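Secondary and tertiary structure notes
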Amino acid sequence: MATMSGERPRFATYMIVPAGIVAVVIVCAMALMLQDAFRVHVPGTLDVGGFTLDNFWRLNRPIYTKAFLDTLLYAALCASLDLLLGYPIAYVLVRARSGWLKSAILIITLMPLFSGDIVRSYGWLVVLGKYGVINMFATGTGLVAEPLQLLYTPTGVVIALVQYAMPVMVIILTASISHVDTNLERAASSLGASPIATFFRVTLPLTLPGILSGTITIFAWTLSAFATPQIIGGGRVQTIATLIYGVGFSNFNFPLAAALSLTALILIALVLAVGGGLARMVITARGLT
Amino acid sequence: MKLRRFLPVLASLLLPILPAHAAETLTISVWGGTFRDALAESVGKRFTEQTGVELKYVTGSAVTRLNKEKLAQGADTPDVLYTTGHVGWLYKSSNLLDDLDVSKIPNVSTLPAGAMLSPAHIGAWSYVYTICYRQSLVPAGMTFTSWKDLWNPELKGMIGLHEIDPSHIIAVASKLSGVDAANWADAQPLLLELKPNIKAYYASDAMSQDQLSSGETPISVALASNCYHLAESNPDIKVAIPSEGAVGSTDVVAVMSASTKKDLAYKYINLVFDPQVQSELAKALKVSPANPAAVLPDELKDLPGMYASPEKFRAETIFVDNKLRSEKLGEWRQWFSENMMNQ
């Protein structure tokens, strides 16, 4: 089918209708859910009452503000630790000359993605438990006298979330590192820079867009993590996602759950907007665009 | 020519809408694991032999299945429901259950008064939540003769409690505070004193068994039946019935109002109350039968937490009225999550 000017429409034009239908359905479903945030909860039923802002006032209670702050903290810790641990893996993956080594690293890094959140979380129950792998090693070698308390604590949740998000961070960093022109590193070396200086003054700055992209992605992703905090947290570590689930599906208080969801959505959007803006400023200032 | 090429594709798209010729099935909503297996063995097989109708099971926790039915509002509904007594009241108040026509369930005629928790659901068996513990992992000599023992400072970070239904510990705290469950607010200070001793919450009976078996929570307020099953393979696990009594509960069976196979549903439910079936379920699940004509196996008669009659059950357990429990559950859960469950 040709346009008025006789040119054939671009392929993307054919995608507008199905994309629009999906977008409208998603927005309508979210609007229906989020409008409950402004309605009164009728205990014991799914019915809602009239307009109210009480659900938002209730969020001032310590458990909810603590859950919001804790979730932001866990997400920031996960993003930082994934960056510190994931960068060396991605660097070796890109720079290794051996094909079998690259394949081995790739398979080991990506394998957790095939097992699903719940399976991985149950695996961590065995590793982090009082009589689990870590404590058996620590007590058996005499590193500690008593087993470490890792399960049902924020420490255990963060450890499991770091592993949960690591494959994605490695993928993003690998793409970024692979775009660094090795001639620039060779030029720095030929001008007398040590390998460490070359890395910190040439390679690392050139991968800054990937670092920022990976950090923001992992931060946003772990903010909404549910299965891992629910299983590893054992009801003692509350995040936004576990609270929304508990309030909605255990207490049947869907208006409060909707208020939590809407507040979380706005908070996450603000954090990502600020983070994204800062990232763009840094990239522009360094001339990396 | 082009249309002929697409005919096989079009035909395969039409297949799902052709009438199915599968055998008729009756759908049973029940907990998974041991409960599903025992009911399939004792009730399901008999039902299929007698009627030729196969059974299909939808499983999940009581609250999870309630949520699903409330959201589905009759779409793809099961026919027969097993749930806990107080959650049954939540189904009834959401208009998800039919009032039972007991003339179609002859086997319930011998049940004592009070077996019908509401016109829509009837008690199928009773059980208790009590203190289960790993003897080798608790302080030496600790045997839990009273619920108050849970507050012992030596038990810091050792207890597992139910996450979704805190009614058991609330009933206990109310009893220890000298009030009934309706006035549970007076028991809140005692509940808050217990907080340092709580290590984790379990979202399902399976998780409570995992936590107890692995030793993560050496002490658990859990379903006695599950603890007896664990103890069969791990003698270190003990079940204690405190002097104040264990917390009694009743599981119920009902007909879903949106079911299109109600005659079959009644035939199924009648089988549940057959004395022989009730004996088999008592043995398999370690629960107290609802039908007084059921014979408790010898090895179960003296087991702590098993009661030969509903009267004995009501007299010796901490029993909270199921209707009150259903009305208070949301309030209890809200308070628990805001005050007890955070670090």
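Residues numbered from 1 in each chain as written. Chains lettered and ligands numbered in written order. Predicted model: local features only at pLDDT ≥ 70, side-chain atom pairs only at ≥ 80, totals over all residues.

Bringing the interface of chain A and chain B into the picture now. Contacts between the two partners involve 23 residues from chain A, matched on the other side by 23 residues from chain B. If one sorts the elements of the side of chain A that touches chain B by residue count, helix H12 (residues 240-250) of chain A sits on top with three residues. (Contact = placed C-beta atoms within 7 Å. Helix = DSSP H or I, 4+ residues; strand = E, 2+ residues; numbered from the N terminus.)

What follows covers helix H10 (residues 275-285) of chain B. Along an α-helix, a turn takes 3.6 residues, which lines up residues three or four apart on a common side. Of the positions making up H10(B), those classed as buried are B:Val277, B:Gln278, B:Glu280, B:Leu281, B:Ala282 and B:Leu285. The inward-facing, buried residues of H10(B) contact helix H2 (34-51), strand E5 (121-134), helix H8 (224-233), helix H9 (262-272), strand E11 (288-289) and helix H11 (298-301) of chain B. (Buried ≥ 20, exposed ≤ 12 C-beta atoms within 10 Å, placed from the backbone.)

Right, let's get into the environment of B:Glu311. Position of B:Glu311 among the secondary structure elements: in helix H12 (residues 310-316). For the pair B:Glu311 and B:Pro112, spaced 199 residues apart in sequence, the C-alpha separation works out to 9.0 Å.

Residue and element names in this part refer to chain A. Between helix H7 (residues 154-178) and helix H10 (residues 208-223), the least distance of the axes is 9 Å, while the angle of their chain directions is 155°. Taken together, the axes of H7 and H10 lie roughly antiparallel to each other. For the crossing formed where H7 meets H10, the hand is right-handed. Here H7 contributes Leu 161, Ala 165, Val 168, Met 169, Ile 172, Leu 173, Ala 175, Ser 176 and Ile 177 to the contact with H10, which in turn contributes Pro 209, Gly 210, Ser 213, Gly 214, Thr 217, Ile 218, Trp 221 and Thr 222. A breakdown of the residues in the contact of H7 with H10 according to their chemical character gives 11 nonpolar, six polar and no charged. (Axes fitted to C-alpha atoms, helices over the stretch in contact; angles between N-to-C directions. Parallel < 35°, antiparallel > 145°, perpendicular 65-115°, else oblique. Left-handed = near helix turned anticlockwise from the far one by under 90°. Nonpolar A, V, L, I, M, F, W, Y, C, P; charged D, E, K, R; others polar.)

All names here are of chain B. Each domain of chain B was delimited in the assignment, giving domain 1 (23-126 + 249-309) and domain 2 (128-248 + 322-339). For domain 1 and domain 2, the distance between their C-alpha centres works out to 26 Å. Elements represented by at least two residues in the side of domain 1 that touches domain 2 include exactly helix H4 (85-93) and strand E10 (247-255). With five residues, the single largest contributor to the side of domain 1 that touches domain 2 is H4. Residues of the side of domain 1 that touches domain 2, tallied by class, amount to eight nonpolar, nine polar and one charged. (Domains from an automatic or database assignment.)

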